[in-house]
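Residue-level structure breakdown
Here is what each chain is made of, one letter per residue.
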Amino acid sequence: MDKHLLFTPGPVNVAETLRTAICKEDICHRETDFDALLAGIEHKILSLFQIRKRERYRAVVITGSGTAANEAILSSVVGDGAVLILSNGEFGGRLHKTSVIHNKRTHLIELPWGIAFEIPQIATYLATHKIDVVAMVHHETCSGMLNPLAQIGALVKASGALFVVDGVSSVGAELIDMEACNIAFLSSSSSKALGSYPGLSFVVGRKKQFKRLKRHAAKTTYLNLATFYAFLKTHSQTPNTPAVPLFFALDQALTDILSEGVLRRHARIKARADLLRDGMRRLNLDFEIDEADMCSVLTTVRVPASVSVRDLRARLREKSIIIYEGKGCFAGKVFQVGNIGELSDADIRFFLSTLKDVLLMLRAEAADMVASVTPIAPRRNPLPPAKQAHVRVVS
């Protein structure tokens with residue numbers, strides 16, 4: 001292989017069109033060239049969501065990873081109000097950690113990683129607490145679980161709160177209806193399901209909610225959403241120096257997605273996931289969560305007995321295949337296989353064939369190690385003959 005095959009949720013193998021785009025001629029970010037580039041990117045981002053009333057939404061682009069977009073939301077939207085974080089994984093935990101820094105009135109409903117939210121529990125909490133903002137991760141990458149936007153969005157709407165969503169690893173792969181799901185603000189990044197290079201993120205939101213941000217005192221300088229919106233609205237610019245080559249690449253990635261069609265792309269990515277999962281089931285591998293709860297972009301797989309996930313990852317890397325290890329409570333117990341980016345069906349078949357060979361090899365090596373250890377019988381001290389036995393009685 002002349003390249004690594006990135007079977008990860010991001011970064012991903014990028015298309016050749018992006019390699020060309022990122023090397024475009026240098027432009028000044030304070031000239032009309034960049035104005036037009038940013039306007040085109042915003043238009044294409046909104047098209048990802050098939051928003052029916054586009055005039056009600058805007059999208060700001062931030063030079064920074066997906067975490068930057070999430071921090072921009074949580075530091076700008078809540079003000080002095082109360083925010084409820086829903087967490088059932090690593091990135092829900094990160095939302096909570098971020099919110100605590102910026103918002104004194106941060107509430108948390110936390111479930112173990114990979115456990116689905118209990119809708120009645122959330123409904124009860126919202127009915128008994130004054131909550132202004134509810135924040136949730138759509139796709140929890142640590143487990144591969146896809147959390148329900150429509151159900152929770154309906155609860156939040158009924159409570160009168162704002163619903164904000166971390167869509168960092170789901171946008172570009174999953175179908176998201178911001179209007180139907182009552183989403184006020186949604187974050188995402190360039191490097192995962194969108195298939196571009198790391199380093200950019202964006203926030204899509206309702207225009208009326210962007211306008212209301214100026215009511216809140218700024219809690220950050222770089223990540224103040226009100227400032228990003230003001231520069232976008234007034235100048236078609238970013239408030240800080242943007243990573244211009246990454247904007248060219250993101251623009252190309254969005255063009256490629258829309259040329260294929262959002263529905264077709266979702267179906268293709270889901271078909272890849274199904275192909276991988278079917279192949280791994282044939283290898284007698286078990287998945288960490290129910291398939292009904294799985295996302296379209298990765299699969300979390302339990303490590304077979306007698307196999308070390310680090311050895312598995314190292315052996316696959318020797319074949320130019322990169323996978324993820326489990327983190328946190330999943331460390332040493334699972335591995336993760338992504339199916340986004342420029343991966344073909346042939347690449348997936350190569351992965352499954354290689355995975356089979358590597359698992360057989362590791363299991364054989366483990367069996368050899370067990371067989372090579374000769375058990376030593378424990379030494380036994382025979383009892384003395386009955387007539388020589390002494391009994392000591394203590395009274």
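Before going into details, it helps to say that this report is about the structure given with it. (Residues numbered from 1 in each chain as written. Predicted model: local features only at pLDDT ≥ 70, side-chain atom pairs only at ≥ 80, totals over all residues. Heavy atoms only, no water.)

**Some remarks on the overall build of the chain**
Across its full length, the chain carries twelve helices and 14 strands. Based on the C-alpha atoms only, the size of the chain along its principal axes is roughly 105 × 60 × 35 Å. Among the 395 residues that make up the chain, the fraction classed as buried is 53%. When the accessible surface of the chain is totalled, it reaches about 19100 Å², and 53% of it is carbon and sulfur. The distance from the centre of the 49 positive side-chain charges to the centre of the 39 negative ones in the chain is 6 Å. (Helix = DSSP H or I, 4+ residues; strand = E, 2+ residues; numbered from the N terminus. Buried < 20%, exposed > 50% of the residue type's maximum accessible area, 1.4 Å probe, protein only. Areas by Shrake-Rupley, 256 points an atom, 1.4 Å probe, with all protein chains shown as cover. Lys, Arg positive; Asp, Glu negative; His and termini not counted. Charge placed at Lys NZ, Arg CZ, Asp CG, Glu CD.)

**Concerning unusual backbone geometry**
Cis geometry marks the peptide bond from G10 to P11, where omega comes out at 0°. Secondary-structure assignment places P11 in the loop between β1 (5-6) and α1 (16-21). Not every positive phi belongs to a glycine, and Q50 is a case in point at roughly 50°. Relative to the helices and strands, Q50 resides in the loop between α2 (32-48) and β2 (57-63). Classification of Q50 by relative accessible area gives partly exposed; the value is 47%. Positive phi, close to 60°, is recorded for N284, a residue that is not glycine. Within the fold, N284 resides in the loop between α10 (262-282) and β11 (298-302). Overall, N284 belongs to the exposed group, its relative accessible area being 66%.

**Quick look at the pairing of strand β14 (residues 334-338)**
Looking along a regular strand, one sees the side chains alternate between the two faces of the sheet. Among the five residues in β14, five count as buried, and that is most of the element. With burial as the criterion, each face of β14 is covered, one bearing V334, Q336 and G338 and the other bearing F335 and V337. The pairing of strand β13 (residues 324-325) with β14 spans two bridges and is antiparallel. When the sheet's bridge partners are listed, E325 is paired in β14 with F335. (Pairing = 2+ DSSP bridges.)

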